Each structure stands twice: as structure tokens, then as C-alpha cells.
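Here are the chains, one letter per residue:
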Amino acid sequence: MLDCHLLARSRNDLFKGSVYLSSQIRTVGIIYNARIPEALDLSTAIVNELSLEQRSWISPAENLEELRDQVTETELVVTAGGDGTMLRAVQVTAPLDVPMVGINMGRLGFMTELQVHDALEKLPSYYRGDYRIDSHNMIMARIVRAPNSATSEVEGPFHALNDVVLSRGGVSRVVTIRTTVDGAEVASLRADGIILATATGSTGYSLAVGGPILDPLSEGLVLKPVAAHVGMSASLVLDPKAKIGLYLEGAQEAVLSVDGYIERELQPGDRVEIEQSPFKARFLRAHPSQHFYATLTRRLGFSIRGQ
């Protein structure tokens, strides 16, 4: 459970002299991670302590499809969870340009802005306009099925803030992937998979397999093979407007994963087309722009001094 002293502070003590909400903000949505019991407690506390009862809604991240219409009348979304919660929430906020501010209840929290212990105290400053808006690049993927496929010819688009990953399925065998960039043949490889990551996603799976870290506001894309047995193993940093084709060849089935929670099975002969999404993820930021670098060492658990 959350610290009872934190939740029990009186509104007068915590926000004395503060304006709770800007008159411009009609509705605030709170999306929480249902797998973290404390996340619902925190969400409820935000509504009660900031007097949002009449102009807010609360939903678990798993119910986002049911909230698309409701988000159209929302000026701000607060997430209580971690980066995964924000990856889900962005599916409904980005198409409508609704900004988000995240409260970290997870491990790394690269996208989140606040911590549990200071969320109730600092949220009102965002409502008063003491922030900037950072826009993060996104990508979108379409699946083009093989001509003899029994399923629909094209599936998607699927929009991703972090990454799109084509990887082997349940069978522990490498897959054969032919890769093109703007129509040019770049690589044909046998590997566990291949990642196309945004700058935001460069600190995720791509980094774990040796990819570079990009500034989160960069629009560059990272193409990174995973455990390549044959063919290219190096990373490529691509122009944001590049159009990437991933062709599944050979005889092995594969899986396409979008931001780690949308998954589609692929058959040999299918291809995935990826390009820049027309949507942007918008985050409210009160920390200085260099905050990402100031916290990079702590978040990744290493020290440049070896300490």
C-alpha cells in the first residue's frame, strides 16, 4: 500500500495557496497499471486530493479500447505505473494530441516524469502551466500477407512509441529476414530477430542487444539485428523518413511485436512495412532538458566511474 501519511495529508497543507486546475483543463484522465495494487490507490488519491471528482475519469490500462471516445474530451492524461503503462496509453492519446505526464511505479521509468513520493505535491504545477511539451517520434507498421495467405491481405497500421520487433516464434530456430531501406537491399540475415526502434525505444530492447542510445527527442530510427548468425550484426541509424521492409523468408514462422504488447503471427512470405507515424507522443516536462542525461547512469544501473 502507499504511505498512509502521504495520502492522508490534508489538502490545505499540501496545496495551500495553489490553483488546482487551469480553467483550460476540463477533464483529466488517469490510466493506471492494474497489476500494481498501489497504482489504483494513487489514482484515487489524485482525484480526491486535487478535487477532480467532477472532471476526471480513472481506468486500468487494459481497458483503453473502451476509452477512445472519452479521451476526445480529455485535456491531460496522468499515468500511474511505469513505461509500459505509458506505451499503452499513448495508443489513445497520440492520435488526439493529448499530452501525458507519468508517475513512475516501475523500475526504469525513462518516460515517466514524477515519483510516487512527490506526485501529489508536484502535479498542480503542471495544471498551472509550469511545463514544456516534448514531442516524441513514433513509427507505424503494416503487415502485408503472402499472396497465398488465408488471412486478410494487409493488417494495420500499428503505431509504436518504442519499437517494432520481428522475431522467431515458439520454435527455437533462427528466422531468415531480408531487409530493405527505401527499396534498397540492406541485409539478408539469419537471426533471432530484428528490431526497429525509435529514439525513445533506443534505451529498451535495442540497447539490451547492443544498440546505441539516441537522444529521446531525436527523430532517428535504429535498425538492430538480434543475435545474427549469418549476415549483418551491426546497428544502423536511419533517417526518420526512411521506409523499411522486413521480408520473412525461409521456412520458419515468426512473431511481430509492437511496443511489447501487440503481437501478430507471421508466415514465410509475409512482409512488414515500417515508416514514420503521423502521430507524436506528447509529454509534459518540468525537468530541464538535460534531465535525461543526468539520470541515465542511475536508471541503467552503471556508473562511468565504475562505482
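As named in an unreviewed UniProt entry, the chain is NAD(+) kinase, taken from Geodia barretti. Recorded in UniProt under Sequence similarities (unreviewed entry), the annotation for the chain is "Belongs to the NAD kinase family."

Q: Help me understand the environment of L76, please; the structure alone is not making it clear to me.
A: Mapped onto the elements, L76 comes out in strand β3 (residues 76–81). Taking relative accessible area as the criterion, L76 reaches 2% and is therefore assigned buried. Separated by 17 residues in the primary sequence, L76 and T93 place their C-alpha atoms 8.9 Å from one another. For L76, the contacting residues outside a window of four places in its chain are T27, V28, G29, V98, P99, M100, V101, Y127 and L284.

Q: Would you mind showing me how to read the sheet that holds strand β15 (residues 254–258) here?
A: Backbone-to-backbone hydrogen bonds join strands into a sheet, with any given pair of strands oriented parallel or antiparallel. Spatial ordering of the open sheet is given by β13-β12-β11-β8-β15-β16, a layout of 6 strands whose pairing is antiparallel. Two strands close off the open sheet at either side, each with one partner strand: β13 (236–238) and β16 (262–266). Within the sheet, the average angular offset between the axes of one strand and its neighbour, ignoring direction, is 15°. Pairing of strand β8 (residues 163–168) with β15 involves 5 bridges; the strand directions are antiparallel. Residue pairing in the sheet places V165 in a bridge with S257 of β15.

Q: Is there a simple way to explain the confidence of the model for the chain in this structure?
A: A low pLDDT means the predicted coordinates there should not be read in detail. Across the chain, the average pLDDT comes to 85, with 87% of residues at or above 70. Across residues 1–23, confidence stays below pLDDT 50; counting only partners more than four residues off in sequence or on other chains, it has 44 contacts.

Q: Any chance you could explain the layout of surface pockets here in plain terms?
A: Taking a probe equal in size to a water molecule and rolling it over the atoms shows the remaining empty space. Counted as a void, the largest pocket has a volume near 690 Å³. D83, G109, F110, M111 and T203 are the residues nearest the centre of the largest pocket, which is lined by 39 residues in total. Of the residues assigned to the lining of the largest pocket, the class counts are 12 nonpolar, 16 polar and 11 charged.

Q: Just to check I follow, could you spell out the packing of helix α3 (residues 37–49) against helix α6 (residues 116–127) for this structure?
A: Two quantities define a packed helix pair, namely the angle between the axes and the distance from one axis to the other. Their axes nearest at 10 Å, the elements α3 and α6 cross at an angle of 25°. Looking at the two axes, α3 sits roughly parallel to α6. With respect to the hand of their crossing, α3 and α6 are arranged in right-handed fashion. Where α3 abuts α6, its residues L42, A45, I46 and E49 lie against V116, L120 and L123. Here the contact of α3 with α6 is composed, by residue class, of 6 nonpolar, no polar and 1 charged.

Q: When you look at the environment of L196 in this model, what are you seeing that I'm missing?
A: Within the secondary structure layout, L196 lies in strand β11 (residues 193–197). Given a relative accessible area of 0%, L196 falls into the buried group. Once the C-alpha coordinates of L196 and I139 are considered, the two residues, 57 residues apart in sequence, prove to be 8.9 Å apart. If we ignore the near neighbours within four places in the chain, the residues touching L196 are I139, N162, D163, V164, L221, V222, L223, L238, I244 and I274.

Q: Quick question: what am I supposed to make of the packing of aromatic side chains here?
A: What characterises a pair of aromatic rings is the spacing of the ring centres plus the angle enclosed by the ring planes. With the rule as written, the count across this model stands at 1 aromatic pair. With a centroid separation of 5.1 Å and an interplanar angle of 85°, the aromatic rings of F292 and Y293 are classed as edge-to-face. By relative accessible area, F292 is classed as buried at 11%. The ring of Y261 carries R88 above its face, with NZ or CZ at 4.4 Å from the centroid. Here the guanidinium or amino end of R178 rests over the ring plane of Y247, the centre of that ring lying 4.1 Å away.

Q: Hey, could you run me through the pattern of salt bridges in this one?
A: Oppositely charged side chains may form a pair once their charged atoms are brought near each other. Applying the stated criterion to the full structure yields 13 salt bridges. The residue K122 makes a salt bridge to D118 at a minimum N-O spacing of 3.1 Å. Here K122 pairs with D118, and both are found in helix α6, just 4 residues apart, close to one helical turn. Since its relative accessible area comes to 34%, K122 is described here as partly exposed. The exposure class assigned to D118 is buried, which follows from its relative accessible area of 11%. We note a salt bridge from R285 to D134, for which the minimum N-O separation is 3.8 Å.

What counts as what
Residues numbered from 1 in each chain as written. Predicted model: local features only at pLDDT ≥ 70, side-chain atom pairs only at ≥ 80, totals over all residues. Heavy atoms only, no water. UniProt positions renumbered as here; feature names shortened; annotations may be inferred. Helix = DSSP H or I, 4+ residues; strand = E, 2+ residues; numbered from the N terminus. Buried < 20%, exposed > 50% of the residue type's maximum accessible area, 1.4 Å probe, protein only. Contact = heavy atoms within 4.5 Å. Pairing = 2+ DSSP bridges. Axes fitted to C-alpha atoms, helices over the stretch in contact; angles between N-to-C directions. pLDDT = per-residue confidence, 0-100. 1 Å grid on protein atoms, 1.4 Å probe; cavity = no way out; pocket = protein on both sides within 12 Å on 5 of 7 lines; lining within 4 Å. Points joined across faces, edges and corners; volume = space filled by probe spheres on them. Nonpolar A, V, L, I, M, F, W, Y, C, P; charged D, E, K, R; others polar. Parallel < 35°, antiparallel > 145°, perpendicular 65-115°, else oblique. Left-handed = near helix turned anticlockwise from the far one by under 90°. Phe/Tyr/Trp six-rings, centres within 6.5 Å; stacked < 30°, edge-to-face > 60°. Lys NZ or Arg CZ within 6 Å of the ring centre and 35° of its normal. Salt bridge = Lys/Arg side-chain N within 4 Å of Asp/Glu carboxyl O.

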